[in-house]
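Listed below, chain by chain, are the residues.
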Amino acid sequence: MNHIKFVVAGALALLGVLVIGGYFADPAPKATDQESAAAGGTLRIGVDGTEPAFYKVDGVTKGFDYEMALGVAEGMGAKPEFVVMDFSDLFTALEAGEIDMIGAQVTETAERKQDFDFTAPYFVTYLSFLTPEGSNIKSRDDVNGKNIAVVEGTIHERYLDEQYENVNVIKAKDEDTAVKAIQDGKADAFFYDAPYTTPIIARWQDRFPLKEAIVYPADDAPIGFVMQKGDKRKATIDGVLEEMILDGKWLKIKKEYFKEYPLSEVFKDKGA
């Protein structure tokens, strides 16, 4: 599972920070200026049921995307309805009108924007390098010249090529195969999305202890709610998201789920 989300590498272009900032460049509509279609209606939110986006603990629903979607629905005056499905089915369901928006840590890309609308960003992608205990990889400079495992078919391979020098990419079919490459001495680290490394570390704790050696925000990889092209509710949702950021609600949710992650410049610019 991936949360730059298993996008085929090579065809995607990440948007720049200036583009992200442009979402909030003009005065956004207030939540009180709701589209008539949203007021009092139901907002059906497609989720993929994974931690830390949408999950349950002792029967209680939790998750960063869950909390953000609740805030959006409340600001719109709409009733939230969460529809859990496989990530691969979310876009098809959105196209078919079975859901109104996707809230599943989806990274905005130029390719996806051809077919869908993205709201203003409510997060950015955080990237990390998993290493064994005792690894000499401690900073991003240490990655250069190393063998780095990635899950094949994700955007991570291209990101390594763009951001680092002389990195030898080791392609793995899934998360555990990537970790096995480190265990077998074929790779020095596993490059993945930071929010999804905790279960990997837990799964391998007794067999091959790992640590998250590096975590950093990719400010040019915004995450937003995904909607059908031309959905008029997008403007209202953008306004609600801006209010959540400016009044501190967003930061409170971020600290609950990602307290240890450094704050992205994208949100510092908004006063968070």
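Our structure is the block above this text.
The rules we used
Every residue gets a number counted from 1 within its own chain, in the order that chain's sequence is written. Per-residue local features of the predicted model are confined to residues with pLDDT of at least 70, and side-chain atom pairs are confined, for both listing and counting, to 80 or more; whole-chain, interface and lining totals are unaffected and use all residues. Just so you know, side-chain values use all the structure's heavy atoms and leave hydrogens and water out. Helix and strand definitions follow DSSP, with helices as H or I runs of at least four residues and strands as E runs of at least two, each counted in order from the N terminus. Residue exposure (1.4 Å probe, protein chains only): buried if accessible area is under 20% of the type maximum, exposed if over 50%, otherwise partly exposed. A contact between two residues is defined here by any heavy atoms of the two lying within 4.5 Å. The method behind every accessible area is Shrake-Rupley, applied with a 1.4 Å probe, and residues are considered shielded solely by the protein chains displayed. Note on pairing: two strands pair once DSSP finds at least 2 bridges between them. Interaxial angles span 0 to 180 degrees and are taken between N-to-C directions of axes, which are lines fitted to C-alpha atoms, for helices over the stretch in contact. Buriedness for pockets is judged along seven lines, at least five of which must meet protein on both sides within 12 Å for an open set on the 1 Å grid over protein atoms alone, while cavities are sets there where a 1.4 Å probe fits but cannot get out, and lining residues have an atom within 4 Å of a point. Grid points are joined across faces, edges and corners, and a volume is the space filled by probe spheres set on the points. Classification convention: Asp, Glu, Lys, Arg as charged; Ala, Val, Leu, Ile, Met, Phe, Trp, Tyr, Cys, Pro as nonpolar; all other residues, Gly among them, as polar. Pairing of aromatic rings covers Phe, Tyr and the six-membered ring of Trp, with a centre-to-centre limit of 6.5 Å; geometry is then stacked below 30 degrees between planes, edge-to-face above 60, and tilted otherwise. Only when the NZ atom of a Lys or the CZ atom of an Arg is both within 6 Å of the ring centre and within 35 degrees of the ring normal do we say a charge sits over the ring. Expected helix span is given by 1.5 Å per residue-to-residue step, counting one fewer step than there are residues. Comment on the angle field: the value is read as roughly parallel under 35 degrees, roughly antiparallel over 145, roughly perpendicular from 65 to 115, and oblique elsewhere. Handedness of a crossing is defined here by the sense of rotation of the near helix relative to the far one, left-handed for an anticlockwise turn of less than a right angle and right-handed for a clockwise turn.

**Student:** Please explain the overall build of the protein as it appears in this structure.
**Tutor:** Secondary structure assignment for the protein yields 10 helices and 12 strands. Looking at the protein as a whole, 51% of its 272 residues qualify as buried. Look at the contacts in the protein between residues 6 or more apart in sequence, and 77% of them connect residues 24 or more apart. Just so you have it, the protein exposes about 12,100 Å², and 47% of that area is on carbon and sulfur atoms.

**Student:** Before we go on, may I ask you to explain the sheet that holds strand 1 (residues 42-47) in this structure?
**Tutor:** The mixed open sheet is built from five strands, whose spatial order is 4-1-5-12-6. The sheet terminates laterally at strand 4 (79-84) and strand 6 (116-118), the two strands that pair on one side only. Note that strand 1 and strand 4 share six bridges and pair parallel. Its bridge partner being in strand 4, G46 is matched across the sheet by V83. This element, helix 2 (residues 64-76), spans strand 1, strand 4 and strand 5 (101-102) of the sheet and lies at about 145° to strand 4.

**Student:** I would appreciate a short explanation of empty space enclosed by the protein in the present structure.
**Tutor:** Here the idea is plain: a probe the size of a water molecule rolls over the atoms and shows the empty space left. Across all of its chains, the model carries one cavity of 30 Å³ or more by this definition. Considered as a void within the structure, the largest cavity measures approximately 30 Å³ in volume. In terms of residue count, strand 7 (residues 123-132) provides more of the lining of the largest cavity than any other element does, four residues in total. The residue inventory of the lining of the largest cavity, partitioned by class, reads six nonpolar, three polar and one charged.

**Student:** Is there a simple way to think about the sheet that holds strand 9 (residues 168-172) in this case?
**Tutor:** Where strands meet in a sheet, backbone hydrogen bonds hold them as pairs that are either parallel or antiparallel. Taking strand neighbours across the sheet as the criterion, the five strands line up as 9-8-10-7-11 in an open arrangement whose pairing is mixed. Strands at the two margins of the open sheet, each flanked by one partner only, are strand 9 and strand 11 (210-223). Averaged over all pairs of adjacent strands, the angle between strand axes in this sheet comes to 30°, irrespective of strand direction. Sheet topology note: the strand 7/strand 11 ladder contains 10 bridges and is antiparallel. Bridge pairing links L130 to E212 in strand 11. Of the strands in this sheet, strand 7, strand 8 (147-151), strand 9, strand 10 (189-193) and strand 11 are in contact with helix 5 (residues 156-163), which crosses strand 10 at around 110°.

**Student:** Quick question: what am I supposed to make of the side chain of K146 here?
**Tutor:** Mapped onto the secondary structure, K146 falls in the loop between strand 7 and strand 8. For K146, the contacting residues outside a window of four places in its chain are N136, I137, N166, V167, N168 and D188.

**Student:** Whenever I open this one, the environment of Y261 confuses me. Can you help?
**Tutor:** With respect to the helices and strands, Y261 occurs in the loop between helix 9 (249-258) and helix 10 (265-268). Excluding residues within four positions of it along the chain, Y261 makes contact with Y126, A194, P195, E212, V215 and K254.

**Student:** Quick question: what am I supposed to make of the packing of aromatic side chains here?
**Tutor:** The description of an aromatic ring pair uses the distance of the two centres, along with the angle that the planes make with each other. Taken as a whole and judged by the stated rule, the model has 18 aromatic pairs. An aromatic cluster is built from F64, Y122, F123, Y126, F225, F258 and Y261, whose rings are joined through pairwise contacts. The cationic tip of R140 hangs over the ring face of Y216; the distance from NZ or CZ to the ring centre is 3.7 Å. Between the NZ or CZ atom of R207 and the centre of the ring of W204, over which it lies, the distance is 4.0 Å.

**Student:** Can you walk me through the environment of G49 in this structure?
**Tutor:** On the secondary structure map, G49 appears in the loop between strand 1 and strand 2 (55-57). In this structure G49 comes out as partly exposed when scored by relative accessible area, which is 36%. With 37 residues separating them in the primary sequence, G49 and D86 have C-alpha atoms 7.9 Å apart. The contacts of G49, once residues within four sequence positions are left out, are F54 and V84.

**Student:** Sorry if this is basic, but what is going on with helix 8 (residues 233-246) here?
**Tutor:** Each α-helix winds once per 3.6 residues, and so residues spaced three or four apart point in a common direction. With 14 residues, helix 8 should cover 20 Å at 1.5 Å per step; its first-to-last C-alpha distance of 20 Å lies within 8% of that length. The buried fraction of helix 8 is high, at 11 of 14 residues. Phi turns positive, to about 90°, at G248, one or two residues after helix 8.

**Student:** Explain the packing of helix 2 against helix 9 to me, please; I cannot follow it from the model alone.
**Tutor:** Any two packed helices are characterised by how steeply their axes cross, that is the angle between the axes, and by the distance between the axes. Viewed as axis vectors pointing N to C, helix 2 and helix 9 meet at an angle of 160°, and their least axial separation amounts to 9 Å. Judged by the angle between their axes, helix 2 and helix 9 are roughly antiparallel. At the point where helix 2 passes helix 9, the crossing takes the right-handed sense. Two secondary-structure elements touch here, helix 2 through F64, E67, M68 and E74 and helix 9 through K249, W250, I253, K254, Y257 and F258. Each residue belonging to the contact of helix 2 with helix 9 can be placed in one class, and the counts come to six nonpolar, no polar and four charged.

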